[in-house]
Amino acid sequence: MTKGDQQVKFVLSTSFSTVAHLTAIAPVADSHGWHAMSFSDHVVNPEQISNPYPYTDDGSRRWQPFTDWPDPWVTIGALAAITERLRFTNNIFVLPMRNPFLVAKAISTAAIISNNRVTPAFGVGWSQDEFALLQQDFRSRGKRTDEMLEIMRLLWSGEMVEYHGEHYDFDRLEMNPAPSERIPFWIGGISRPAMRRAARLADGWVTDLQSSSEIVDCIGQIRDWRREYGREREAFEVMATPSDAWDIDGYRRLEEAGVTHILTMPWALYHGETEDLQLKCDGVRRFADEVIAGFE
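Note that the structure is a prediction, hence the values are computed from the model and not measured.

The next point concerns the pattern of salt bridges. A full pass over the atoms with the stated rule returns 14 salt bridges. Of the charged contacts, one joins Arg182 and Asp203 as a salt bridge, the two residues approaching to 3.0 Å between their closest N and O atoms. Pair noted here: Arg182 is in the loop between β8 (169-173) and β9 (186-188) and Asp203 is in the loop between α6 (192-201) and β10 (204-210), with a separation of 21 residues, a long-range link. One salt-bridge network, held together by shared partners, links Asp146, Arg197 and Arg200.

Turning our attention to the pairing of strand β11 (residues 237-242). When you tally the buried positions in β11, you get 5 out of 6 residues, the bulk of the element. Bridging between β10 and β11 involves 5 bridges; their strand directions are parallel. Opposite Gln210, over in β11, you have Pro242 as the bridge partner. As paired strands, β11 and strand β12 (residues 261-264) are joined by 2 bridges and run parallel to one another. Across the sheet, Ala240 pairs through a bridge with Ile262, a residue of β12. Crossover β11 to β12 through helix α8 (residues 248-257) is right-handed.

Viewed as axis vectors pointing N to C, helix α3 (residues 100-113) and helix α5 (residues 141-155) meet at an angle of 50°, and their least axial separation amounts to 10 Å. On the basis of the axis angle, α3 is oblique to α5. Seen along the crossing, α3 lies across α5 with a hand that is right-handed. Seen from α3, the contacting residues are Pro100, Phe101, Val103 and Ala104; seen from α5, they are Met148, Ile151, Met152 and Leu155. The residue inventory of the contact of α3 with α5, partitioned by class, reads 8 nonpolar, no polar and no charged.

What counts and how
- Residues numbered from 1 in each chain as written.
- Predicted model: local features only at pLDDT ≥ 70, side-chain atom pairs only at ≥ 80, totals over all residues.
- Heavy atoms only, no water.
- Salt bridge = Lys/Arg side-chain N within 4 Å of Asp/Glu carboxyl O.
- Helix = DSSP H or I, 4+ residues; strand = E, 2+ residues; numbered from the N terminus.
- Buried < 20%, exposed > 50% of the residue type's maximum accessible area, 1.4 Å probe, protein only.
- Pairing = 2+ DSSP bridges.
- Right-handed = clockwise from strand over helix to strand, strands pointing away.
- Axes fitted to C-alpha atoms, helices over the stretch in contact; angles between N-to-C directions.
- Parallel < 35°, antiparallel > 145°, perpendicular 65-115°, else oblique.
- Left-handed = near helix turned anticlockwise from the far one by under 90°.
- Contact = heavy atoms within 4.5 Å.
- Nonpolar A, V, L, I, M, F, W, Y, C, P; charged D, E, K, R; others polar.

By themselves, these observations are geometric and do not establish any function.
If you want it as structure tokens, here you go:
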């Protein structure tokens, strides 16, 4: 988040994508200058939801029933085996509706298999129904997330560790194999608690679908909090999904404001919401040639 540290990188969004297409798309992205692929997260999609979706004006979901929602870490493990440079992240993985040990094991395994090409991005979630089905408390999800992040850092050390918190408590144990490098993680969300959590604990922040001005305002707020926590000199990344920037000039303005990664779905820019695999791959290549090459 420090201007001049690095040029903006591009991350391929796979939200709502047919899972069978991903093994064809990933190698194309890998060979055409994309920095990473990102995966959204739901375990199930209830026909009726008990609380509204928070990211649309009318509370309706952005996807249709029977949309594919693959497990991110199984998918990342598979795609890591057929790529060489491409990194993998999330927009967003709902951490507190899971068990911290199982999440730590899945992510560390993916880090090992991919040769340290993972940057998990976590959120606290919104779906009370999924939390209930996975038998995790919804109301305590923020505080449990804070503890889970501490626990996973301990487990990823590969050493004997223990933890005694309000929500999780365990005596000495070890989890192996451990990743050979530190696993960075980002926090997603546009609420004040989410952005504060990113400023206080994370290596980066992930926006929602927002205007460029909204993204810049949020970055300014996070910078203030990072100074408050004494972290202003530490490296910090921002993965943004702008709703009003579609070209090099727009992306450069965001880069100047502190955005380090742009998340986008390239085939939608050229071919709309297509299910044609060849058109999707064409979009990945064209965006690389027309936009990503402009930053090299």
